[in-house]
Number of protein chains: 2
Amino acid sequence: VTLYLDELKPGDRFMSATHRMEAAEIRAFATQFDPQPFHLDAAAGRGSLFGELVASGWHTAAIAMRLMVDGGLPIAGGIIGTGADIRWRAPVRAGDELHVVCEILEILPSRSNSNRGSVRIACNTLNQRGEAVTTAEMRVIVSRRPP
Amino acid sequence: VTLYLDELKPGDRFMSATHRMEAAEIRAFATQFDPQPFHLDAAAGRGSLFGELVASGWHTAAIAMRLMVDGGLPIAGGIIGTGADIRWRAPVRAGDELHVVCEILEILPSRSNSNRGSVRIACNTLNQRGEAVTTAEMRVIVSRRPP
């Protein structure tokens, strides 16, 4: 089941499946998009501010998106974001198991298009200990149910 | 040359190299992290809000990070973000050539750690027509020059 604008209200909550972060994945993402030593190599990680190998924050954000697209945020027509305000709050390490909890904050009907609106959503990514590794506020375009 | 906290000041600007977005890359990122039809398939894109195949916003953000890491934002010790507020302002299509322009907005010395501080930076990603496809404000931890 996916939901249209009219079917969402502030306080609605959704939970995604879980994704386990493997060291090989962390290195592969970093090699392509964020090749900094502390995302590529355990020894370099130990010598850094982090003290260990940690995932790129953009990798964590991309995994959160995948978890939302795969059912964690069931919006009809897909998840089309216009903005996101992300805070990286705790490191993500190899072996961490992540899931995303979304909560609808506000529904903003469009002034220019009666067929859709914008929705503010808190999307927090938690690890296996329930710690928020990222907190984010997203703004997403959502269609009204077609007549 | 990379810069420490003491060597940055509001108004300093940096420009990255350019990255051309290929259709195959757009699809590969989407397959892994954002498998929505308008990021995967030209025909599906035409039937969507976008009217064409467009890159995932998280892909654009990851490419911007790569351009910054590769010299577009020359911070000593690397780019360690604590937060980012991103707006996706225009679609990114296959063939678009992206670069990032960063401007230092504010230097915030740490209250708890005299060896480093936080820097607010505007990081905008522009296409080959000079249009901002994303605008972002990042907050990054930067070390003072070691004595």
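Scroll up for the structure.
Participant: Got a minute to help me understand the overall build of chain A in this structure?
Facilitator: The helix and strand inventory of chain A stands at 4 helices and 5 strands. In sequence order, the secondary structure elements of chain A are arranged as β-α-α-α-α-β-β-β-β. The principal-axis extent of the C-alpha atoms belonging to chain A is close to 60 × 30 × 20 Å. Residues classed as buried in chain A amount to 48% of the 147 residues present. Expressed as a percentage of contacts within chain A between residues at least 6 apart in sequence, the contacts between residues at least 24 apart total 67%. Accessible surface computed for chain A: about 6,800 Å², of which carbon and sulfur atoms make up 49%. Taken as two groups, the 16 positive and 16 negative side-chain charges of chain A have centres that lie 4 Å from each other.

Participant: Explain the interface of chain A and chain B here, please?
Facilitator: Many descriptions give the size of an interface as the accessible area lost when the pieces come together. In this assembly, 34 residues from chain A lie in contact with 34 residues from chain B. Of the roughly 2,800 Å² buried where chain A meets chain B, counting both sides, 68% is carbon and sulfur surface. Considering only the surface of chain A that becomes buried against chain B, Phe 33, Leu 49 and Trp 58 of chain A emerge as the three largest contributors, covering 24% of it. Run the count over chain A and chain B and you get 0 salt bridges. Between chain A and chain B we count 12 residue pairs in polar contact (both at pLDDT 80 or more) in total. Of all the secondary structure elements, the ones that give two or more residues to the side of chain A that touches chain B are α1 (23-33), α4 (57-72), β2 (80-88) and β5 (132-143) of chain A. Relative to strand β2 (residues 80-88) of chain B, β2 of chain A is paired through 5 bridges, and the arrangement is antiparallel. Bridge pairing in β2 of chain B places Arg 87 of chain A opposite Gly 83 of chain B.

Participant: Looking at this structure, how should I read the side chain of Ser 56 of chain B?
Facilitator: All names here are of chain B. Looking at where Ser 56 falls in the secondary structure, it is placed in the loop between α3 (42-46) and α4 (57-72). Residue classification places Ser 56 among the buried positions, given a relative accessible area of 1%. If sequence neighbours within four positions are ignored, Ser 56 has contacts with Phe 29, Asp 34 and His 39.

Participant: Before we go on, may I ask you to explain helix α1 (residues 23-33) of chain B in this structure?
Facilitator: Structural remark: α-helix, 3.6 residues per turn; residues separated by three or four positions point the same way. Burial in α1 of chain B covers these residues: Ile 26, Phe 29, Ala 30 and Phe 33 of chain B. Projection of α1 of chain B onto a plane perpendicular to its axis shows the buried side chains occupying an angular sector of 100 degrees, all on one side.

Participant: Would you explain the pattern of salt bridges in this entry?
Facilitator: Opposite charge on two side chains permits pairing when their charged atoms draw close. A full pass over the atoms with the stated rule returns 24 salt bridges over all chains. Among the salt bridges present, the one from Arg 13 of chain A reaches Glu 103 of chain A, with a minimum N-O distance of 3.2 Å. Taken together, the positions of Arg 13 of chain A in strand β1 (residues 13-20) and Glu 103 of chain A in strand β3 (residues 97-109) put the pair 90 residues apart, joining distant regions of the chain. Glu 131 of chain B is the salt-bridge partner of Arg 129 of chain B, the closest N and O atoms lying 3.2 Å from each other. Linked by salt bridges that have partners in common, Arg 20, Glu 22 and Glu 97 of chain A make up one network.

Participant: For this particular structure, what's the right way to read the nonpolar core?
Facilitator: One broad rule of soluble globular proteins: the nonpolar side chains tend to lie buried together. Core analysis: the largest hydrophobic core is formed by 74 residues, its most contacted members being Trp 58, Met 68 and Ile 121 of chain A together with Trp 58, Met 68 and Ile 121 of chain B. Setting aside residues up to four positions removed in sequence, Met 68 of chain B forms contacts with Leu 73, Ile 79, Val 100, Cys 102, Cys 123 and Met 138 of chain B.

Participant: Mind showing me how you'd approach the packing of aromatic side chains here?
Facilitator: The geometry of an aromatic ring pair is captured by two quantities: the separation of the ring centres and the angle between the planes. All names here are of chain A. All told, the structure shown has 8 aromatic pairs over all chains when counted by the stated rule. Aromatic pair Phe 38 and Phe 50: ring centres 5.2 Å apart, planes at 55 degrees, arrangement tilted. In this pair, Phe 38 sits in helix α2 (residues 37-40) while Phe 50 sits in the loop between α3 (42-46) and α4, placing the two residues 12 residues apart along the sequence. Residue Phe 50 is classed as partly exposed on the basis of its relative accessible area of 28%. When the ring of Trp 58 is compared with that of Trp 88, the centres are 5.0 Å apart and the planes differ by 75 degrees; the resulting orientation is edge-to-face. Remark: Trp 88 occurs in strand β2 and Trp 58 occurs in helix α4; sequence separation between them is 30 residues.

Participant: Just to check I follow, could you spell out the relation of the copies chain A and chain B for this structure?
Facilitator: One copy of the chain maps onto the other through a rotation about an axis plus a displacement along that axis. Mapping chain A onto chain B leaves a residual RMSD of 0.0 Å; the transformation is a rotation of 180 degrees accompanied by 0.0 Å of translation along its axis. Taken together, the rotation and translation relating the two chain copies correspond to the operation of a two-fold axis. By C-alpha distance to the rotation axis, the residue of chain A lying nearest is Asp 85 of chain A, at 2.0 Å. Both copies share a contact surface, since 100% of the interface residues of chain A are interface residues in chain B too.

What counts, and at which threshold
- Residues numbered from 1 in each chain as written.
- Chains lettered and ligands numbered in written order.
- Predicted model: local features only at pLDDT ≥ 70, side-chain atom pairs only at ≥ 80, totals over all residues.
- Heavy atoms only, no water.
- Helix = DSSP H or I, 4+ residues; strand = E, 2+ residues; numbered from the N terminus.
- Buried < 20%, exposed > 50% of the residue type's maximum accessible area, 1.4 Å probe, protein only.
- Contact = heavy atoms within 4.5 Å.
- Areas by Shrake-Rupley, 256 points an atom, 1.4 Å probe, with all protein chains shown as cover.
- Lys, Arg positive; Asp, Glu negative; His and termini not counted.
- Charge placed at Lys NZ, Arg CZ, Asp CG, Glu CD.
- Buried area = accessible area lost by both parts, 1.4 Å probe.
- Salt bridge = Lys/Arg side-chain N within 4 Å of Asp/Glu carboxyl O.
- Polar contact = N/O pair within 3.5 Å; in protein donor to acceptor, adjacent residues only side chain to side chain.
- Pairing = 2+ DSSP bridges.
- Arc of directions from axis to C-beta.
- Core = buried A, V, L, I, M, F, W, Y, C linked by side-chain atoms within 4.5 Å.
- Phe/Tyr/Trp six-rings, centres within 6.5 Å; stacked < 30°, edge-to-face > 60°.
- Least-squares fit on C-alpha atoms with pLDDT ≥ 70 in both.

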